[in-house]
Amino acid sequence: MIKRAVKSKWRKEHGFTFLEILLVLSIVVIMTGVILPFSDKRLHKNSEEDALKGFIVAVHETQLYAITHGEPIRMTFFEDGTVYKSLKEDQTVIVEGQFPTGMRRGSDTNLKELYFMPNGNLSPTGKMTIITKTLGNRTISFQFERGRMIINE
């Protein structure tokens, strides 16, 4: 009697076989392998978009500093165009930033650096190319209209 009760108890229990678990895990691995490259590309794209916006904000901050303090400020690029810094004449850093991996200022661009005069004017004006992995090359045009800087992408 006791043996029979134990046997019937085991037969009523439900669960997954090893083969079923293996099948589900293999499907999950295949889906992850297909989805991961797309999410990685999206992550790089978002990172580059944020870095481009951050660079534009840094340009505006540099101009604002030049106007409010009445000092000339120069925004220069270092390390093959991946790092940018806004420097006073005594080399004090005002603003600095870095582009993510694979993103840099193009070496063939007209503007090698941005120089803001004490009144906020940019000398000279022109275009700057930013090279990215996922967004393609972005050209930023720095020009003035009615005393304000306009940045066109």
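It should be emphasised that the depicted structure is a prediction, and the values quoted were computed from it without experimental measurement. (Residues numbered from 1 in each chain as written. Predicted model: local features only at pLDDT ≥ 70, side-chain atom pairs only at ≥ 80, totals over all residues. Heavy atoms only, no water.)

Q: What is the right way to read the pattern of salt bridges from this model?
A: Pairing between side chains of opposite charge can happen when the charged atoms of each approach one another. For the structure shown, the criterion picks out 2 salt bridges. Note that Lys88 is salt-bridged to Glu71, the shortest N-O span being 3.8 Å. Pair noted here: Lys88 is in the loop between strand S2 (83-87) and strand S3 (93-98) and Glu71 is in the loop between helix H2 (18-69) and strand S1 (73-78), with a separation of 17 residues, a long-range link. For Glu71, a relative accessible area of 23% translates into the label partly exposed. Note that Glu113 and Arg74 form a salt bridge whose closest N and O atoms lie 2.4 Å from each other. On the criterion of sequence distance, the pair formed by Glu113 in the loop between strand S4 (104-105) and strand S5 (114-116) and Arg74 in strand S1 is long-range, its members being 39 residues apart. Overall, the relative accessible area of 26% leaves Glu113 in the partly exposed class. You can call Arg74 partly exposed: its relative accessible area is 33%. (Salt bridge = Lys/Arg side-chain N within 4 Å of Asp/Glu carboxyl O. Helix = DSSP H or I, 4+ residues; strand = E, 2+ residues; numbered from the N terminus. Buried < 20%, exposed > 50% of the residue type's maximum accessible area, 1.4 Å probe, protein only.)

Q: Hey, could you run me through the packing of aromatic side chains in this one?
A: Here the distance between the centres and the angle between the planes together describe a pair of aromatic rings. Scanning the model with the defined rule gives 5 aromatic pairs in all. Ring geometry for Phe55 and Tyr84: centres 5.1 Å apart, planes at 75 degrees, overall edge-to-face. In this pair, Phe55 sits in helix H2 while Tyr84 sits in strand S2, placing the two residues 29 residues apart along the sequence. Residue classification places Phe55 among the buried residues on the basis of a relative accessible area of 0%. Of the aromatic side chains, those joined through ring pairs into one cluster are Phe55, Phe77, Tyr84 and Phe99. Over the ring of Phe78 we find Lys85; its NZ or CZ atom is 5.4 Å from the centre of that ring. (Phe/Tyr/Trp six-rings, centres within 6.5 Å; stacked < 30°, edge-to-face > 60°. Lys NZ or Arg CZ within 6 Å of the ring centre and 35° of its normal.)

Q: What's the story with the environment of Gly106 in this structure? I'm lost.
A: Residue placement: Gly106 occurs in the loop between S4 and S5. Given the relative accessible area of 0%, Gly106 is considered buried. For the pair Gly106 and Thr132, spaced 26 residues apart in the sequence, the C-alpha separation amounts to 9.5 Å. Apart from the residues within four sequence positions on either side, Gly106 is in contact with Thr129, Ile130 and Ile131. (Contact = heavy atoms within 4.5 Å.)

Q: Any chance you could explain the sheet that holds S2 here in plain terms?
A: One key point about sheets: their strands pair by backbone hydrogen bonds, in either a parallel or an antiparallel sense. The sheet built from 4 strands is open, its strands ordered S3-S2-S1-S5 with antiparallel pairing. Only two strands of the sheet have a single partner each, and these edge strands are S3 and S5. Taking each pair of neighbouring strands and ignoring which way they run, the sheet shows an average axis angle of 15 degrees. For S1 and S5, the ladder comprises 3 bridges, and the chain directions are antiparallel. When the bridges of S5 are listed, Met75 appears paired with Leu114. Lying on the sheet, H2 is in contact with S1, S2, S3 and S5; it crosses S1 at an angle near 150 degrees. (Pairing = 2+ DSSP bridges. Axes fitted to C-alpha atoms, helices over the stretch in contact; angles between N-to-C directions.)

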